[in-house]
Amino acid sequence: MSKVKEINRRQFIGYSGAAALSLLAARSFAGDLNRPSNGQFLFLEAEGFSEHGGWEIDQQSMDQMGSPYLLAHGLGVPVKDAVAQVQFPSAGTYRVWVRTKDWVAPWNAPGAPGKFQLLINGVPLAETFGTKGAEWHWHNGGTVEVGGTARIALHDLTGFEGRCEAVLFCKDTAFEPVNDVEALTRFRRKLLGFPDRPEYGGRYDLVVVGGGLAGICAALSAARRGLSVALVHDRPVLGGNGSSEVRVWPEGHTNKPPYPSIGDIVTEILKPINKATAEGKWFGTLNGTAASNFDDQRKLDVVKTEPRINLLNNHRAIQTLTSGNRIQAVVIQSIRTGRQQLLEGTFFADCTGDATVGFQAGAEYEYAFSSGNPLMGSSNLFNVIDASNQKDVLDCDCKDKSALMTQYQEGKYEQPFPRCPWALDLSDKPFPGRLKKQATGTLKDLKSFANAWYWESGFDKDQVNDIELIRDHNFRAFYGAWDALKNVDGLYKNFRLAWAAFIAGKRESRRLMGDVVLDGKNFTEMTDWADKAFPCSWHIDLHFPEKKYQAGFEGNEFISDFTRGKDYKYSGIYWAPYRCLYSRNVGNLFMAGRNISVTKTGLGPVRVMKTCGMMGEVIGKAAALCVQHGTTPRGVYENHLAALQEMMKQPGSFRTA
Ligand SMILES: Cc1cc2nc3c(=O)[nH]c(=O)nc-3n(C[C@H](O)[C@H](O)[C@H](O)COP(=O)(O)OP(=O)(O)OC[C@H]3O[C@@H](n4cnc5c(N)ncnc54)[C@H](O)[C@@H]3O)c2cc1C
């Protein structure tokens, strides 16, 4: 219900904002070279379209390019139109601008795969979009005559990741909108009628940013201890990499002595499952398998029934306000409507993975990458199905499932896939799943191709600021590989890509520094800590480009390898200290997840999701002690460690009245 309201508001302000701008233009844009001469516009945010059809909202790069956008993620099958009913300020001639890009242009790759059209009352503009420019820019769509209202549609032509951020209609046909992101943000927000300052969103004992396993568990644990909690998460579903959008299977042992209750909340929010009962295709892994295995609803249900949590999903934290060495508030923005709110907090938990809140607050952090010192890369898992197998077709998460079902009923199983000249050219290159010996073209041969963690890239790139490029490189890799298998090797005629993540699964970026910086050596030497807080069981598992597949792709690697040999192992469950869960220089900042206080080698074992969830459980309890005693996260270690340990012995379901 509220969603509908929000969208209607956007459609409405598309019009009223235009009217408001004519008043604003003379004042607010005075001196701006982009000042419109008559102030009559219709600005449509793509994410604000009332129907998204088969297009997906992508917010991953909004801090860099200025807005969420719609992505035609169809795996080579054009997606259904996104549609908006709009009202123009008046009938007449408008110039149309579409903010988009040619997403393969950064590699000078040919073919512009992300082509789409803009339909006005069903009629396409002459211009085809997604065909120009490596950067986000306004693509001139020419002029058009319109009446008072119209049906606007984004019409995908390829299913290959076309993208549209906004559409702007200008009555002044000589007006050119600005491309600079900051100036565009000011222009956009004025035009859409947003206030200069965010609305007040309330005050909380604890503001948790990031709703992966770490953030969910932190929010639940704190709320059950009596704190008022805001949980801010920039996707519709909770779970981060462990959601159906990314489909990485959570690992790590829970409920271990001496604190066997640590892990209770992790267990509560995850669907009990094992490989034998898992749904959908899997090859000895649950990564990338059916959405149902990841049970997004279960996580949402547990969080939504917790009365002290205000869940703000579909909201991204975009700014952090500080005073002295403390965070006062975060500014969050709806990824659907653009509305901004200011959330004040006594304590904050950075569970973003990228340490966004800590970074913005000036917390000390580490983050270094180069080809000689690679990061672990990001992945976009994908899976395939056999269209001649009825169960596969029935289970498929494909967007065009009904068309596929019809094909099945008609006995048409063959699944052609177009050549992809814009993808990585793997026609004569090795990659996992391309067998040296004669492949039979059956599912078994695809075992090392699909659902695999090692399709990974961006090792020497900025995983925070270049994530669109890194994700797009992953697209080019798996589309190129599938093209090679289908069209060069002539295999798997009845198989097709069924699902792929468009949200990149990240592994490594900034790490915030705490009072202890946990290192791989602490694991191998089994350093004993007085403030044991969460059990670690994953290996010292770091990734880097796999040499076997590197030739010809240096700097653009797409397959990883992992640490092997003696550096990989340590003996048994290892309890990591509480002191790596808070910032050493921002007084009211906790962290949980992969952005905690560890060195590069320390990240290897702590980063798996059940372990991240247990960090969240502990900081929720510590935050309650902070509120109760008016102390800081460090103060809990210095003065209330015994109380924290007592709480850690109590079950995850324990509630303070
Ligand atoms: C392909 C792959 C395979 C892996 N294999 C495994 C495995 O088998 N098992 C395992 O347990 N782990 C595995 N990992 C590692 C694991 O997934 C990550 O280390 C883990 O997800 C980190 O958890 P987190 O809660 O810190 O971050 P995330 O899971 O990334 O959750 C953080 C969430 O915060 C949101 N967010 C970020 N910034 C903001 C903001 N500004 N405002 C609001 N929300 C924000 C993000 O959208 C994200 O959903 C793998 C990772 C990948 C990519």
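Above this text is the structure in question.
Everything numeric in this text was worked out from a predicted model, so none of it was measured.

1. Quick look at the site of the ligand
Around the ligand, a shell composed of 30 residues is seen, among which Asp-234, Trp-249, Glu-251, Arg-607 and Met-609 lie nearest. Within the side chain of Asn-241, an N or O atom sits 2.9 Å from an oxygen atom of the ligand. At 2.7 Å, a backbone N or O of Met-609 approaches an oxygen atom of the ligand. For the ligand, whose accessible area on its own is 990 Å², the fraction buried by protein is 94%. Among the residues forming the shell around the ligand, the class breakdown is 12 nonpolar, 11 polar and 7 charged.

2. Thoughts on the packing of aromatic side chains
Per the counting criterion, the structure on display carries 44 aromatic pairs. A ring pair is formed by Phe-417 and Tyr-479, whose centres lie 6.4 Å apart and whose planes are at 20°; its orientation type is stacked. Linking Phe-417 in the loop between helix 9 (401-409) and strand 21 (456-457) with Tyr-479 in helix 10 (residues 467-488), this pair joins segments that are 62 residues apart in sequence. Across the pair, exposure class does not vary: Phe-417 and Tyr-479 are buried alike. The ring of Phe-347 is capped by Arg-326, whose NZ or CZ atom sits 5.6 Å from the centre of that ring. Geometry around Phe-359 places Arg-510 over its ring, the cationic atom sitting 3.7 Å from the centre.

3. Quick look at the packing of helix 13 (residues 609-629) against helix 15 (residues 641-649)
The geometry of helix 13 relative to helix 15 is characterised by a closest axis approach of 10 Å and an angle of 135° between their N-to-C directions. Of the possible angle classes, the one that applies to helix 13 and helix 15 is oblique. Like other packed secondary-structure pairs, helix 13 and helix 15 cross with a definite hand, here right-handed. Contacts from Val-618, Lys-621, Ala-622, Ala-624 and Leu-625 in helix 13 reach Ala-643, Leu-644, Met-647 and Met-648 in helix 15.

4. Looking at the pairing of strand 20 (residues 382-386)
For strand 20, the tally of buried residues reaches 5 of 5 residues, placing the bulk of the element in the interior. Burial along strand 20 is two-sided: the face carrying Phe-382, Val-384 and Asp-386 and the face carrying Asn-383 and Ile-385 are both buried. Summarising the sheet, strand 20 and strand 22 (residues 495-500) pair through 5 bridges and their orientation is antiparallel. When the bridges of strand 22 are listed, Asp-386 appears paired with Phe-495.

5. Details of the nonpolar core
With 89 residues, the main nonpolar core has Phe-534, Tyr-578, Phe-590 and Val-606 as its most contacted residues. Considering each element in turn, this core owes the most residues, 11 residues, to helix 13. Each residue touching Phe-590, except ones within four places of it in the same chain, is listed here: Phe-347, Phe-348, Ala-349, Asp-350, Tyr-578, Leu-581, Tyr-582, Ile-619, Ala-622, Ala-623, Cys-626 and Pro-633.

6. Structural notes on the sheet that holds strand 5 (residues 92-100)
Strand order across the open sheet formed by 4 strands is 1-11-5-8, with antiparallel pairing between neighbours. Taken across any chain shown, the strands that pair with only one partner, and hence form the sheet edges, are strand 1 (41-45) and strand 8 (137-146). Adjacent strand axes in the sheet meet at a mean angle of 20° when their direction is disregarded. Relative to strand 8, strand 5 runs antiparallel, the two being bridged by 8 bridges. Bridge pairing in strand 8 places Val-98 opposite His-139. The strands touched by helix 3 (residues 181-191) are strand 1, strand 5, strand 8 and strand 11 (166-170); relative to strand 1, the strand with the most contacts, the crossing angle is about 110°.

7. Quick word on the pattern of salt bridges
For the structure shown, the criterion picks out 41 salt bridges. For Glu-245, the salt bridge goes to Arg-235, with nearest N and O atoms at 2.8 Å. A residue pair is termed long-range when its members are at least 10 positions apart, and Glu-245 in the loop between strand 13 (229-232) and helix 5 (264-269) and Arg-235 in the loop between strand 13 and helix 5 qualify at 10 residues. A salt bridge links Lys-566 to Asp-567, with the shortest nitrogen-to-oxygen separation between them at 3.3 Å.

8. A look at helix 4 (residues 213-224)
With 12 residues, helix 4 should reach 16 Å at 1.5 Å per residue; the first-to-last C-alpha distance of 17 Å fits that figure. Counting buried positions over the 12 residues of helix 4 gives 12, a clear majority of the element. Elements that come into contact with the buried residues of helix 4 comprise strand 12 (199-209), strand 13, helix 5, helix 6 (296-304), strand 14 (309-312) and helix 13. Remark: Gly-226 follows helix 4 within two positions and exhibits a positive phi of approximately 95°.

9. Notes on unusual backbone geometry
The omega torsion of the bond from Pro-257 to Pro-258 falls at 10°, within 30 degrees of zero and hence cis. If you trace the backbone, Pro-258 turns up in the loop between strand 13 and helix 5. A positive phi angle, close to 65°, is found at Arg-247, a residue other than glycine. By secondary structure assignment, the location of Arg-247 is in the loop between strand 13 and helix 5. Given a relative accessible area of 3%, Arg-247 falls into the buried group. Positive phi is not limited to glycine here, since Tyr-492 has a value of about 55°. Among the structural elements, Tyr-492 can be located in the loop between helix 10 and strand 22. Here Tyr-492 falls in the buried class, since its relative accessible area comes to 2%.

10. Looking at the sheet that holds strand 10 (residues 160-164)
Spatial strand order, 2-3-10: 3 strands in an open sheet with antiparallel pairing. Across the chains shown, the open sheet's two edge strands, defined by having one partner strand only, are strand 2 (56-58) and strand 10. Here the average twist between neighbouring strands, direction ignored, is 35°. Summarising the sheet, strand 3 (residues 69-73) and strand 10 pair through 4 bridges and their orientation is antiparallel. From the neighbouring strand, Ala-72 faces strand 10, where its bridge partner is Gly-162.

How each quantity is defined
Residues numbered from 1 in each chain as written. Predicted model: local features only at pLDDT ≥ 70, side-chain atom pairs only at ≥ 80, totals over all residues. Heavy atoms only, no water. Near = heavy atom within 4 Å. Polar contact = N/O pair within 3.5 Å; in protein donor to acceptor, adjacent residues only side chain to side chain. Areas by Shrake-Rupley, 256 points an atom, 1.4 Å probe, with all protein chains shown as cover. Nonpolar A, V, L, I, M, F, W, Y, C, P; charged D, E, K, R; others polar. Phe/Tyr/Trp six-rings, centres within 6.5 Å; stacked < 30°, edge-to-face > 60°. Helix = DSSP H or I, 4+ residues; strand = E, 2+ residues; numbered from the N terminus. Buried < 20%, exposed > 50% of the residue type's maximum accessible area, 1.4 Å probe, protein only. Lys NZ or Arg CZ within 6 Å of the ring centre and 35° of its normal. Axes fitted to C-alpha atoms, helices over the stretch in contact; angles between N-to-C directions. Parallel < 35°, antiparallel > 145°, perpendicular 65-115°, else oblique. Left-handed = near helix turned anticlockwise from the far one by under 90°. Contact = heavy atoms within 4.5 Å. Pairing = 2+ DSSP bridges. Core = buried A, V, L, I, M, F, W, Y, C linked by side-chain atoms within 4.5 Å. Salt bridge = Lys/Arg side-chain N within 4 Å of Asp/Glu carboxyl O. Expected span 1.5 Å × (residues − 1).

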